[in-house]
Protein chains: 2
Amino acid sequence: MKQLLQTKQVQVLESSNGRPYFLVNEHEGVALLARNGDDLLLIEQFREPIGETVIQLPGGGVANGESLEEAVRREFLEETGYKCGSVQYLGKLQPASWRTNEVTHVFYTDEVCGYGSQQLEAHEQIRVVKMSVHDCMQKIKHHEIHDSELCFAILQALLNGLL
Amino acid sequence: MKQLLQTKQVQVLESSNGRPYFLVNEHEGVALLARNGDDLLLIEQFREPIGETVIQLPGGGVANGESLEEAVRREFLEETGYKCGSVQYLGKLQPASWRTNEVTHVFYTDEVCGYGSQQLEAHEQIRVVKMSVHDCMQKIKHHEIHDSELCFAILQALLNGLL
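Basis of the calculations
- In every chain, residue numbers begin from 1 and rise along the written sequence.
- Whichever chain is written first becomes A and whichever ligand is written first becomes 1, with later ones labelled in order.
- Given that this is a predicted model, residues contribute local features only at a pLDDT of at least 70 and side-chain atom pairs are listed and counted only at 80 or more, while totals for whole chains, interfaces and linings are drawn from all residues.
- The side-chain values count all of the structure's non-hydrogen atoms but skip hydrogen atoms and water molecules.
- A run of H or I in DSSP counts as a helix once it spans at least four residues, and a run of E counts as a strand once it spans at least two, with each numbered from the N terminus.
- Relative accessible area decides the class of each residue, using a 1.4 Å probe on protein chains only: under 20% of the type maximum gives buried, over 50% gives exposed, and in between gives partly exposed.
- In protein, a polar contact means a hydrogen-donor-capable atom and an acceptor-capable atom, both N or O and within 3.5 Å, with residues adjacent in sequence counting only if both atoms are side-chain atoms; elsewhere, any N or O pair within 3.5 Å suffices.
- We call two residues in contact when some of their heavy atoms are within 4.5 Å.
- The term buried area refers to how much accessible surface (probe radius 1.4 Å) is lost by two components on association, counted for both of them together.
- For this analysis, a salt bridge means a side-chain nitrogen from Lys or Arg found within 4 Å of a carboxyl oxygen belonging to Asp or Glu.
- Following the grouping adopted for this structure description, the nonpolar residues are Ala, Val, Leu, Ile, Met, Phe, Trp, Tyr, Cys and Pro, the charged ones are Asp, Glu, Lys and Arg, and the polar ones are all others, Gly among them.
- Expected helix span is computed as 1.5 Å times (number of residues minus one).
- In this analysis, strands are considered paired if DSSP registers two or more bridges between them.
- Axis lines are fitted through C-alpha atoms, for helices just across the contact stretch, and the angle between N-to-C directions can take any value from 0 to 180 degrees.
- Least-squares superposition of the copies uses the C-alpha atoms of those residues scoring a pLDDT of at least 70 in each of them.
- Between the rings of Phe, Tyr and Trp (Trp by its six-membered ring), a pair exists once the centres lie within 6.5 Å; its type follows the angle of the planes, with under 30 degrees stacked, over 60 edge-to-face, and the other angles tilted.
- We call a charge positioned above a ring when the Lys NZ or Arg CZ atom is no farther than 6 Å from the ring centre and deviates by at most 35 degrees from the ring normal.

Engineer: Sorry if this is basic, but what is going on with the side chain of Thr109(A) here?
Structural biologist: Residue and element names in this part refer to chain A. For threonine 109, the position within the fold is in strand β10 (residues 103-109). Note on threonine 109: relative accessible area 1%, which makes it buried. A polar contact is formed between the side chain of threonine 109 and the backbone oxygen of serine 86, at a distance of 2.8 Å. For threonine 109, the residues in contact, after removing those within four places along its chain, are Leu32, Leu33, Ala34, Arg35, Cys84, Gly85, Ser86 and Val87.

Engineer: What's the story with the interface of chain B and chain A in this structure? I'm lost.
Structural biologist: Every contact between the two is made by 53 residues of chain B and, on the other side, 53 residues of chain A. Each partner contributes to the roughly 5000 Å² buried at the junction of chain B and chain A, and carbon and sulfur atoms together form 61% of this total. When the area that chain B buries against chain A is broken down by residue, the three leading residues are Pro49(B), Trp98(B) and His146(B), summing to 13%. Joining chain B to chain A, the criterion identifies two salt bridges. Glu102(A) is paired through a salt bridge with Arg99(B); the nearest N and O atoms lie 2.8 Å apart. Linking chain B with chain A are 22 residue pairs in polar contact (both at pLDDT 80 or more), by the criterion used here. Of all the elements in the fold, those that place two or more residues in the side of chain B that touches chain A are β1 (2-6), β2 (10-14), β3 (20-24), β6 (52-56), β9 (88-93), α2 (133-141) and α3 (148-159) of chain B. If you tally residues by element for the side of chain B that touches chain A, the top one is α3(B), at nine residues. Class assignment for the residues of the side of chain B that touches chain A results in 26 nonpolar, 17 polar and 10 charged.

Engineer: Sorry, what's going on with helix α1 (residues 68-80) of chain B here?
Structural biologist: Structural remark: α-helix, 3.6 residues per turn; residues separated by three or four positions point the same way. With 13 residues, α1(B) extends 18 Å from end C-alpha to end C-alpha; this agrees with the ideal 18 Å at 1.5 Å per step. Following α1(B) by one or two positions, Gly81(B) has its phi on the positive side, about 85 degrees.

Engineer: What is the right way to read the sheet that holds β1(B) from this model?
Structural biologist: Paired through their backbone hydrogen bonds, the strands of a sheet run either parallel or antiparallel. Residues and elements named next belong to chain B. The three strands are arranged β1-β2-β3 in an open sheet whose pairing can be described as antiparallel. Edge positions in the sheet fall to β1 and β3, since each of these pairs with one other strand and no more. Geometrically, the sheet is characterised by an average inter-axis angle of 30 degrees between neighbouring strands, direction not taken into account. With four bridges joining them, β1 and β2 adopt antiparallel strand pairing. If you follow glutamine 3 over to β2, its bridge partner there is leucine 13.

Engineer: Could you clarify how one ought to interpret the relation of the copies chain B and chain A in this entry?
Structural biologist: Put simply, the second copy of the chain is the first one after a rotation about an axis and a shift along it. With an RMSD of 0.0 Å, the operation that places chain B on chain A is a rotation of 180 degrees combined with a shift of 0.0 Å along the axis. Here the two chains are linked by the operation of a two-fold rotation axis.

Engineer: I would appreciate a short explanation of the packing of aromatic side chains in the present structure.
Structural biologist: Each aromatic ring pair is characterised by the separation of its centres together with the angle its planes make. Across all of its chains, the model carries three aromatic pairs over all chains by this definition. An angle of 55 degrees between the planes, with centres 4.3 Å apart, marks the rings of Phe22(A) and Phe22(B) as tilted. Pair noted here: Phe22(A) is in strand β3 (residues 20-24) and Phe22(B) is in strand β3, and the two residues belong to different chains. Here the two residues Phe22(A) and Phe22(B) agree in accessibility, since each one is buried. Taking 5.2 Å as the distance between ring centres and 65 degrees as the angle between the ring planes, the aromatic pair formed by Tyr89(A) and Phe107(A) counts as edge-to-face. With Tyr89(A) in strand β9 (residues 88-93) and Phe107(A) in strand β10, the pair connects residues that are 18 residues apart, well separated along the chain. Its relative accessible area of 34% is what places Tyr89(A) among the partly exposed residues. With a relative accessible area of 5%, Phe107(A) lands in the buried category. Note that Arg99(A) overlies the ring of Phe22(B), its terminal NZ or CZ placed 5.3 Å from the centroid.

Engineer: Sorry if this is basic, but what is going on with the side chain of Thr100(A) here?
Structural biologist: Its location among the elements puts Thr100(A) in the loop between β9 and β10. Within the local environment of Thr100(A), its side chain forms a polar contact with the side chain of Glu102(A), the two groups lying 2.7 Å apart. Once you skip the residues sitting within four places of it in the chain, Thr100(A) turns out to touch Phe22(A), Val24(A), Pro49(B) and Ile50(B).

So far we have only geometry, and geometry alone does not tell us how the molecule works.
Listed below in structure tokens is the structure:
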């Protein structure tokens, strides 16, 4: 194991098979599958690594001292302008365990109430997307949605009888 | 966009929000959801970035000049020792679009035939895991399986009426 790079946020190491990977310091994230009646509240944002706009769940990193549930409520409010009532834990996703130590804790709510406006950070350009559950599943099936966290959340919600 | 590191395999760049990310040269991978009767043919291997053993789909990178289908057949044979008949394309996953440009093309087959033994590379330690479709879905639901590619494949197979 060889260290290739170290910054405040990450180390880049080389694994025994020669593949470089990230150890991210703040490696826990949260994301919320929020349902409001027949609609899911999703977001769309540009992702530089793939050079494309992605439809995905609202979410983000867990701040220092925050619980997972506090983090998911804060990120949901910041990114969409909505508040949520009770949330249910759907599970932990390892999105790319060959490349990064990051994990995403995914929650579900069907209690959404309108609040105000998004509270985005300077670098964030996020569009809120309301999409019916049916349309979302069709878009996954027909290869128009590719995001790992959103697909994981939909699968967990199906297995738990929530959709 | 600032370059932090360049190796033969990857560039590490810094995005406009200050987050480091990978641009991997050979960024397309393949994975196979292989069903043999009631059983899925999965693999288990240690992933250094997360320091854990992961249950996941057989698969790997696409070699130069190879089609996606050729790659998935080769990886399946190498990692499990099994050959497969016809395969069906289930879609393209973006596992961690905030961190890497990698994508995984996921296929399905229910035509599996025994062949010989695994043909692993020196660094690979892979155990073949036969697991019933039912057990796999229960393990996802009960937070024992966390892998993005496997969960994506199960969701696509459900949406396409294959499981």
